[in-house]
Amino acid sequence: MSDEAYWVFFNFMVRRVLASLFIVVGLLLCIFNLPALMPGGTLLVDGSPSADLVMRLFAVFFPVLLCVLGIALFRCKPFRYDLPQ
């Protein structure tokens, strides 16, 4: 595989495939855990329900962070090792 083909493949996989996966999985996890923020909402932690506010916030906002990271990866410039950055 030539260097040019490698960088095209690398940039496509990271900037399009991985970024899209981050966005989709982050949104799905955020939507799935959103009821935990409602009053009386709980999360299963080690098999038992937990009403800890920090865990509930983490379960919702960490997937949002994944979405933001996916959007940043999607928008970044293509990387080439042999070109000056």
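Our subject is the structure listed above.
Residues numbered from 1 in each chain as written. Predicted model: local features only at pLDDT ≥ 70, side-chain atom pairs only at ≥ 80, totals over all residues. Heavy atoms only, no water.

Visitor: I keep staring at the packing of aromatic side chains and nothing clicks. Help me out?
Guide: What describes a pair of aromatic rings is the distance from one ring centre to the other and the angle between the planes of the rings. Evaluated as defined, the whole model comprises 4 aromatic pairs. Seen from their ring centres, Trp-7 and Phe-10 are 5.5 Å apart, and the 85° between their planes marks the pair as edge-to-face. Residue Trp-7 and its partner Phe-10 are both found in helix H1 (residues 3–33); the two are separated by 3 residues, about one turn of the helix. Exposure remark for Trp-7: the relative accessible area of 13% places this residue in the buried category. Connected via pairs of aromatic rings, a cluster forms that spans Tyr-6, Trp-7 and Phe-10. (Phe/Tyr/Trp six-rings, centres within 6.5 Å; stacked < 30°, edge-to-face > 60°. Helix = DSSP H or I, 4+ residues; strand = E, 2+ residues; numbered from the N terminus. Buried < 20%, exposed > 50% of the residue type's maximum accessible area, 1.4 Å probe, protein only.)

Visitor: When you look at H1 in this model, what are you seeing that I'm missing?
Guide: A turn of α-helix holds 3.6 residues, and therefore any two residues three or four places apart point the same way. The terminal C-alpha atoms of H1 lie 43 Å apart, and with 31 residues this matches the ideal 45 Å at 1.5 Å per residue to within 8%. Approximately 30° is the largest bend angle found in H1, and it occurs at Met-13. Residues of H1 that are buried: Trp-7, Asn-11, Arg-15, Ala-19, Gly-26, Cys-30 and Asn-33. On its buried face, H1 sits against strand E1 (43–45) and helix H2 (53–75). (Expected span 1.5 Å × (residues − 1). Bend = angle between axes of the 7 residues up to and from the residue. Contact = heavy atoms within 4.5 Å.)

Visitor: Help me understand the environment of Tyr-81, please; the structure alone is not making it clear to me.
Guide: Inspection of the secondary structure puts Tyr-81 in the segment after H2. Spatially, the C-alpha atoms of Tyr-81 and Trp-7 are 8.3 Å apart, while their sequence positions differ by 74 residues.

Visitor: Mind showing me how you'd approach a nonpolar patch on the surface here?
Guide: A surface patch of nonpolar side chains, amounting to about 900 Å² of accessible area, comprises Met-1, Tyr-6, Phe-9, Phe-10, Phe-12, Met-13, Phe-79 and Tyr-81. Along the chain, the position of Met-13 falls in helix H1. (Patch = residues over 30% accessible without salt bridge, like charges linked within 9 Å, V, L, I, M, F, W, Y side chains within 5 Å. Areas by Shrake-Rupley, 256 points an atom, 1.4 Å probe, with all protein chains shown as cover. Salt bridge = Lys/Arg side-chain N within 4 Å of Asp/Glu carboxyl O.)

Visitor: How should the side chain of Arg-15 be read in this particular structure?
Guide: By the secondary structure assignment, Arg-15 is in helix H1. For the buried Arg-15, no salt bridge exists, and the shortest N-O distance to an oppositely charged side chain is 11 Å, to Glu-4. Side-chain polar atoms of Arg-15 contact the backbone oxygen of Cys-76, separated by 2.8 Å. Discounting chain neighbours no more than four positions away, the residues touching Arg-15 are Leu-73, Phe-74, Cys-76, Lys-77 and Pro-78. (Lys, Arg positive; Asp, Glu negative; His and termini not counted. Polar contact = N/O pair within 3.5 Å; in protein donor to acceptor, adjacent residues only side chain to side chain.)

Visitor: Help me understand H2, please; the structure alone is not making it clear to me.
Guide: Over its 23 residues, H2 extends 33 Å from the first C-alpha to the last, a length consistent with the 33 Å expected when each residue adds 1.5 Å. At Ala-59, H2 shows its maximal bend, which comes to roughly 25°, and the proline Pro-63 appears one to four places after that position. Buried residues of H2: Arg-56, Ala-59, Val-60, Pro-63, Cys-67 and Gly-70, and no others. Packing partners of the buried residues in H2 comprise H1, E1 and strand E2 (48–50).

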